[in-house]
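Spelled out from the first residue to the last, the chains are:
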Amino acid sequence: MDRPPRSSEARPQRWHRQVGRRGWTAFAAAWGGYVLDGFDFVLITLVLTEVRAEFGLDAVQAASLVSAAFVSRWLGGLLLGALGDRHGRRAAMTASILLFSLGTLACGLAQGYGTLYAARLVVGLGMAGEYSASATYVMESWPERTRGRASGFLISGYSIGTVLAAQAYSQVVPALGWRWMFYLGVLPALFALWMRRALPEADDWEEAIAETTTRPNPFRPLFTRPDGTPAPRRAALHLALAAGALAALLVLFTGRAPSTGAAWTLALLAAGALGTLAVRLGGPGHRVLYLALTATVFAGFLYTWPIQALLPTYLKTELHYSADQVRDVLFWAGFGTAAGCVLAGFTGDRLGPAKAYALTLAASLAFVFPVFAVRDDLLLLGVLLFLLQATSFGISGLLPRYLGGHLPVERRASGLGFVYNVGALGGAVAPLLGARLAEGRPLGQSLAVLTFGLSLVVILLIGLDVPGRLHRLADRHPS
């Protein structure tokens, strides 16, 4: 006997159809911004040797130009994240892309170390807002069960941007010089702004705003008492903490601390100030959570950014690769990261973000030392870098999903922006740490040791969900 045909309504809808046209439109605009973000942000790493030669910089000064964008990111994440929570994700996305595009143009016009460093600070402000606003926007526009894919797919745009930058480097710099790389970095901003001119607002944000009579104000804990009344002294204290943290980081990461003791004092001052701000922003229910998430992101940047920042320098100085060879190697690395982000999206939805992150990162440990053992075999180096980046940097595509899952909607953009971008100071420390270690040993060996050791730390932090455990232990059961 023939069975009756199964009704189409009984069939589960495929995940890409569940996202819908609105969700895919949101993704396309945010992904385009991430491509531009990746292109602009890595330009300094590609032309670092040329900039160093023209301006007569030492190794630490050159590395500080990479770190500069990280120094300002926490402030950009806080300000633009608050803009996104109060006025919508779209407004924050547009403001962020304008900021880092203008900063990129200023990099090309810089006439010395100081002006170039200042331009990189502006790039960092914009990049921070791009990460928090776009990641929040896309995840809140996609169904809950597909948000791991939203997170992973979105971050792949950054990797594609780095690949495009590497391709442009091999053609532009030999013919026109390093400044033209930054001039080109402004052009895609026009496309991204066009894409975002008529975007729908994120569903979750609209629903959250509709349920309240006033718009969220993430800064309220910094400027008011717990009962909501103004507190001028509290406001002045927190402004002083923010200014002190920024000043300490600027002195620290430009190498102007007069001694090692002074450097440690500045580092502790900045950490204390930012930690206090995290506690205040988190409020009574999320204080420990904000601190634990920030520490996790910091460790994550420490394991990924030694390679991201100094790989081009390693290829050119230790392996003596040409511009075309550097382009080819970075092509493999960039697409490995993009492939890893896509893989992370699927595994994150299937296994959960914490388990998928820890297992994939553990697999990356098998490739760390082999990458820096290869010297003359360009193809083998490219394949190993593809695998390393797919399992190491690529899995960080789950970070927006992991962090956002811990934060309430009304504070998600500002919380994600602050926690992620304060933690991103690990990216400022990483190239300087790599450069310092390389003073006593080969650069490749230093990068391998840093990446392997700090990957183990992140595996434990995320695999055991240490932030979530501490949150449940401390914040939900106050003494």
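As a starting point, this report considers the structure included with it.

Conventions and cut-offs
- Residues numbered from 1 in each chain as written.
- Predicted model: local features only at pLDDT ≥ 70, side-chain atom pairs only at ≥ 80, totals over all residues.
- Heavy atoms only, no water.
- Helix = DSSP H or I, 4+ residues; strand = E, 2+ residues; numbered from the N terminus.
- Buried < 20%, exposed > 50% of the residue type's maximum accessible area, 1.4 Å probe, protein only.
- Phe/Tyr/Trp six-rings, centres within 6.5 Å; stacked < 30°, edge-to-face > 60°.
- Salt bridge = Lys/Arg side-chain N within 4 Å of Asp/Glu carboxyl O.

On to unusual backbone geometry, then. The backbone of His 320 sits at a positive phi, close to 60°, despite the residue not being glycine. Relative to the helices and strands, His 320 resides in the loop between α12 (260-317) and α13 (323-351). According to the relative accessible area criterion, His 320 is exposed, its value standing at 62%. One non-glycine residue, Asp 465, lies in positive phi territory at about 45°. Looking at the element boundaries, Asp 465 is found in the loop between α20 (443-463) and α21 (466-475).

All right, on to the packing of aromatic side chains then. Following the criterion strictly, the structure yields 12 aromatic pairs and no others. Centroid distance Phe 301 to Tyr 420: 5.3 Å. Interplanar angle 70°. Geometry classified as edge-to-face. With Phe 301 in helix α12 and Tyr 420 in helix α18 (residues 412-423), this residue pair connects regions lying 119 residues apart in the sequence. As far as burial versus exposure is concerned, Phe 301 and Tyr 420 are alike and both buried. Taken together, Phe 55, Trp 178 and Phe 182 form an aromatic cluster joined through their ring pairs.

On to the pattern of salt bridges, then. For side chains of opposite charge, pairing can occur when their charged atoms come near one another. In this structure the tally under the stated criterion is five salt bridges. Salt-bridge contacts for Arg 149 lead to Asp 349; the nearest nitrogen and oxygen are separated by 2.6 Å. On the criterion of sequence distance, the pair formed by Arg 149 in helix α6 (residues 147-176) and Asp 349 in helix α13 is long-range, its members being 200 residues apart. Note on Asp 349: relative accessible area 22%, which makes it partly exposed.

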